[in-house]
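Examination of the molecular architecture
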Amino acid sequence: MRKEKDTEKGGQGGIEREVYCGIWPALSNNRIYGFIDALLVLSGYCIATWSYTQGSYLATLVGFKKLLIGAFLGAILMLLIYQLPVILSVRYGIDIWIWLRSIFGTSGVKVMTIIIILINFPWYAVCCELFASSMENLLGLFHIPLPEGSHLFLALLCVVIGTIIAYKGISTITWTTRVLVPLLLLVGVAVVIVGFTSVPADVIWNYVPQGADKSNSFISYILSIEANFAFVITLVGGMAGIPRLCKSEKSGFYAGVLGQGLSGSFFVVIGAVMAIAMQHVTGQMVDDPTLMMATLSVPALGLTSLLLVAFANIGTQAVGSYIYAVMLKSTFKKTSYHVLVIVLGVYVSILCVWGKIVDYFGSFLTISACIYAPLAALLFVDFFFIRKQRLDLKSAYEFKGHNSYHYTRGYNIIGFACLIGGSLLSLAIYNPVTGEIHNLHLFTLTPTGCAFLGTAIAYFLLCKLPFVRRYVRKDVSINPDKEPFDRNKVPPKQNLFAMPFIWLMCLICTFGTKLKVNKTGHKGIKPPFIVLGTHHSFTDFYVTPLALFPHRANYVSELEGFEYYGEWIYRQMGCLGTRKFVNDLALIKNIKRVIERKGILVLYPEARYANVGTSSKLPISVAKMVKLLKVPVVTLNMKGNYLQAPLWNLKKRREVRLHTDMIYALDKDEVKELSVEEIHQRLSELLSYDEYAWQREQKMSIRYRDRAKGLHLPLYQCYSCHEEFQMASSGSELICKACGAVYHMDEYGSLWLGKKEIYIPDWYEWQREQVNEEIESGRYILDIKVEVSALPNAKNFIDCGEGHLIHDGNGFSLTFYDYEIEKYRTLLWPCAQTFSIHTEYNYRGKGQCITLSTLDNTYFLFPLEEGFNATKIQFATEYMHSVTYAYNK
Amino acid sequence: MKMKDYFLEELEKRITIIEKGDAENIKKMTKWDYIVVAVLAALCLIGVVIGAFI
């Protein structure tokens, strides 16, 4: 063992103590165990007198051959699966309880450790009881009389010796087990020989339990497998205490598997052999090993074996105290390891003094078996499939500013829900108290197996849901998925079975809006055709399916929606993923595919929600696409969608009514005959809108109190003093912090400065002119630090840290740390290629941002300095593009 | 420096070492090791199923 140099500040042995008897990660140079040592220590943990109890219990259920299969193959099967995550402990040098902080939350894991200690540590009281019985029998063989109360004294002696060994630390435990375990295994061999020689060998080999018949033999067999599964899975809580000190993943893993699966199971089988032999000799199946030994073996061997088996309980007590004290350290960080060992000793002592632990042992086992399988399943799925073998250690150790595992007040609701669900599933299949089987089909998989599988599947599927994934994977930045979105993937049709739900959801979401769809010239129109819709808000996605009812359609959608709602769900809803304002040929190919299979393609060509309820300029490329596809075009000019929930304040205004004009804009012949410019002009006219004008026309009053709140985001420049970025909003007022001007927003969407009425779209366009002038005079430049967040696919954002954004006459220049090439780089978006940009006013609660896209990535840019307004940047982008486009033309 | 700060600093150092790849010094389970585990588990499962019929 490499001794770490302590400093005055660290106190004597401070670091070493924190590593070996605490929760600090053990570095590679702190590893002390090879396979053999780890196997011996874990065997010491697993071998105890309760193995005999388990063996004699199994002998009441099944014959010897089935017992052998269950005890070895059944146990090893379960161990091979649930012990696999132990490699995380070896890799990071941490206990599983540190990893479990990510599954239950930093506070939740404390609750779990205490529950596990409470329900698992009574095992050790049983150990002490059995030690006391063994010693009593041993002394009885020598006819040494024992005074009253000696049983309790002996039980407490076991606690004290085990606690002292654990108190001494890992070296003492290692040396104890190095001596004890090989001797115990030798004794085991001797006991088997005694068993097989004390009765004819075929009595044991051909043993079948009394009263066994074929009708219930299958149930008994499953019960025996369940007993083996439950027996080994109860070690899950302490499974990593030793492997975390191993030098290789394989040695840590197999030490756990074979420590229990071979050593532990070997002693289970010994217990069974002795029980069967006792039954043959005495007519009674006894599970007290001391009685078995005294009855069956030759005196000398019997005494030696008895003594060693008795001391095996001390070894188990010592290793168990060490493992569980280290586990408790993760909860009670400030309490010393030694104090925790003593506390555990006191807990066991109290149970010994109580004296009824053996009577209630079944109840403890019942509770623990229901919890361990889901716990093991959660760990397995989380390690391999959810967190994919990476943990945010700083969050796990609760460093300041690292809160990925804080979840809901320190508790991960999803983890606990799955744990409770898995436990209930186990109880729904089989009642271990009454022995009643509730579901025979699931029972064949065993209650523990079912609880394991059920919890694993539930947790895995839940984490597939985007909102759950975002909740559970707040640490996604440590191992993000970097694979770019597959743009070429053929979009499926809208799922037929999902359609009723989609329509129902759309009806619910537009309920109370008196939505009216006015269809013009649609008679006889059949797919394929293109639908071009105005884009005001998310409500557009609820209105469109209702307007197209009963047809299915495919929707062109930005990748961000795929990430938010989940790729699978979005594809089932018929969405084609793309990025905004890029020339995506793969998208055109997919659109063609939709049209060729006689589908309906819905596109919102503005590609961005309306900032102030007015239409954006329609790109000419839309007309070119119509010309290319040679199919009819329908336009959807929606009204009220912006007024209901404008981008700058998404609170729904309940007074708003919705209306949609669905117009057969171009038939097939017109598409063929008209020029691109003519098509563009017609579509531009049909898709133009002004929400505030429509509101006035409809005399639709919006009485929502905070109706102007957020309006300072699109109206960022004071109309009176022309100062930029000084606008604020509150209630129904827009205020300039520079000149003090207060603009009141009336119920019909007009702004009033005193008696002067200002029409919001006019103010918006006035700002645009100001920006255009700024560019013309050469004064416009944006040079700002930004936070860069990349979205390469539909799975996760990747934090790229701080970047530098410049926007001037050359277009956009973004310098940032690119995770793909692992160094800083500068990306350029020339004006000619940037028709417009996507803007957000409060993106997922992080404030304003703009996005810039390449074909395989979208960069979300959040300002880190003053002087950033998404709308102003959008104006500048659009103007510079129009100038460059006109020049190039 | 206070004892608490010292320990925090030491712990952070350890975490940094791990994040920088201390695990490279720990012999990892290879793809073949996982295959062996899967084969062993499959054999055990077959054994358990056969056990029901003997």
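Residues numbered from 1 in each chain as written. Chains lettered and ligands numbered in written order. Predicted model: local features only at pLDDT ≥ 70, side-chain atom pairs only at ≥ 80, totals over all residues. Heavy atoms only, no water.

In the annotation of an unreviewed UniProt entry, the entry for chain A reads Phospholipid/glycerol acyltransferase domain-containing protein, and the organism field reads Acetivibrio mesophilus. Reading the Subcellular location (unreviewed entry) entry of the UniProt record for chain A gives the comment "Membrane". Among the UniProt annotations of chain A, the heading Sequence similarities (unreviewed entry) holds the following wording: "Belongs to the purine-cytosine permease (2.A.39) family." (UniProt positions renumbered as here; feature names shortened; annotations may be inferred.)

Along the backbone of chain B there are two helices and zero strands. The C-alpha atoms of chain B give a radius of gyration of 22 Å, which is well past the 10 Å a tight globule of 54 residues would have. C-alpha atoms of chain B, sized along the principal axes, occupy 70 × 25 × 10 Å. Each of the 54 residues in chain B was classed as buried or not, and the buried ones make up 35%. Looking at chain B as shown, the accessible area adds up to about 3700 Å², and 68% of this sits on carbon and sulfur atoms. Computed over 8 positive and 8 negative side-chain charges, the separation of the two mean positions in chain B equals 2 Å. (Helix = DSSP H or I, 4+ residues; strand = E, 2+ residues; numbered from the N terminus. Rg over C-alpha atoms; globule rule 2.2 N^0.38 Å. Buried < 20%, exposed > 50% of the residue type's maximum accessible area, 1.4 Å probe, protein only. Areas by Shrake-Rupley, 256 points an atom, 1.4 Å probe, with all protein chains shown as cover. Lys, Arg positive; Asp, Glu negative; His and termini not counted. Charge placed at Lys NZ, Arg CZ, Asp CG, Glu CD.)

This next bit is on the sheet that holds strand S18 (residues 823-829) of chain A. Sheet strands pair via backbone hydrogen bonds, and the direction of the pair is either parallel or antiparallel. All names here are of chain A. Read from one edge to the other, the open sheet built from seven strands follows the order S18-S17-S16-S15-S21-S20-S19, with strand pairing classed as antiparallel. Lying at the two open borders of the sheet, with one neighbouring strand each, are S18 and strand S19 (838-840). With strand direction ignored, the average angle separating the axes of adjacent strands in the sheet is 30°. In terms of strand pairing, strand S20 (residues 849-853) meets strand S21 (residues 858-863) through four bridges, oriented antiparallel. Across the sheet, residue threonine 851 finds its bridge partner in S21, namely phenylalanine 860. (Pairing = 2+ DSSP bridges. Axes fitted to C-alpha atoms, helices over the stretch in contact; angles between N-to-C directions.)

It is worth spelling out the sheet that holds strand S8 (residues 633-639) of chain A at this point. All names here are of chain A. Ordered in space as S3-S9-S8-S4-S7-S5-S6, the seven strands form an open sheet in which the pairing is mixed. Edge positions in the open sheet fall to strand S3 (516-520) and strand S6 (575-578), since each of these has one partner strand only. Averaged over all neighbouring strand pairs, the angle between strand axes comes to 25°, with direction disregarded. Across four bridges, strand S4 (residues 529-533) lies against strand S7 (residues 600-603) in parallel orientation. Paired with isoleucine 530 across the two strands is leucine 601, which belongs to S7. Sheet strands touched by helix H28 (residues 620-629): S4, S7, S8 and strand S9 (659-666). Its angle to S4, the strand with the most contacts, is close to 165°. Contacting S4, S8 and S9, helix H31 (residues 676-686) crosses the sheet at an angle of about 165° to S9. (Contact = heavy atoms within 4.5 Å.)

All names here are of chain A. Overall, the coordinates contain 43 aromatic pairs over all chains when judged by the stated rule. Aromatic pair tryptophan 99 and phenylalanine 383: ring centres 5.0 Å apart, planes at 75°, arrangement edge-to-face. Taken together, the positions of tryptophan 99 in helix H6 (residues 96-104) and phenylalanine 383 in helix H17 (residues 357-386) put the pair 284 residues apart, joining distant regions of the chain. Of the two residues examined, tryptophan 99 and phenylalanine 383, each falls in the buried class. Judged by centre distance (6.0 Å) and plane angle (65°), the rings of tyrosine 124 and tyrosine 324 are edge-to-face. Of this pair, tyrosine 124 sits in helix H8 (residues 122-141) while tyrosine 324 sits in helix H15 (residues 299-329); the two residues are 200 residues apart in sequence, bridging distant segments of the chain. Here tyrosine 124 falls in the buried class, since its relative accessible area comes to 2%. (Phe/Tyr/Trp six-rings, centres within 6.5 Å; stacked < 30°, edge-to-face > 60°.)

This part is about a negative patch on the surface. Together, Asp783, Glu802, Glu865 and Glu866 of chain A make up a region of like negative charge exposed at the surface. Mapping glutamate 865 of chain A onto the fold places it in the loop between S21 and helix H34 (870-888). (Patch = residues over 30% accessible without salt bridge, like charges linked within 9 Å, V, L, I, M, F, W, Y side chains within 5 Å. Salt bridge = Lys/Arg side-chain N within 4 Å of Asp/Glu carboxyl O.)

With that settled, the discussion passes to the interface of chain B and chain A. Contacts between the two partners involve 32 residues from chain B, matched on the other side by 44 residues from chain A. Of the roughly 3500 Å² buried at the junction of chain B and chain A (both faces included), carbon and sulfur atoms supply 73%. The tally of links between chain B and chain A comes to two salt bridges. The shortest N-O distance in the salt bridge between glutamate 12 of chain B and lysine 394 of chain A comes to 3.9 Å. If you look at where chain B meets chain A, you find nine residue pairs in polar contact (both at pLDDT 80 or more). (Buried area = accessible area lost by both parts, 1.4 Å probe. Polar contact = N/O pair within 3.5 Å; in protein donor to acceptor, adjacent residues only side chain to side chain.)

On the surface, a cluster of nonpolar side chains totalling about 840 Å² of accessible area is made up of Trp32, Ile35, Val36, Val39, Leu40, Leu43, Ile46, Ile50 and Ile54 of chain B. Inspection of the secondary structure puts isoleucine 54 of chain B in the segment after helix H2 (31-51).

Residue and element names in this part refer to chain A. The buried count for S20 comes to five of five residues, which makes it a mostly enclosed element. In terms of strand pairing, S19 meets S20 through three bridges, oriented antiparallel. Of the residues in S20, the one forming a bridge with histidine 838 is threonine 851. Taken together, S20 and the strand that follows it, S21, pair antiparallel across an intervening segment of four residues.

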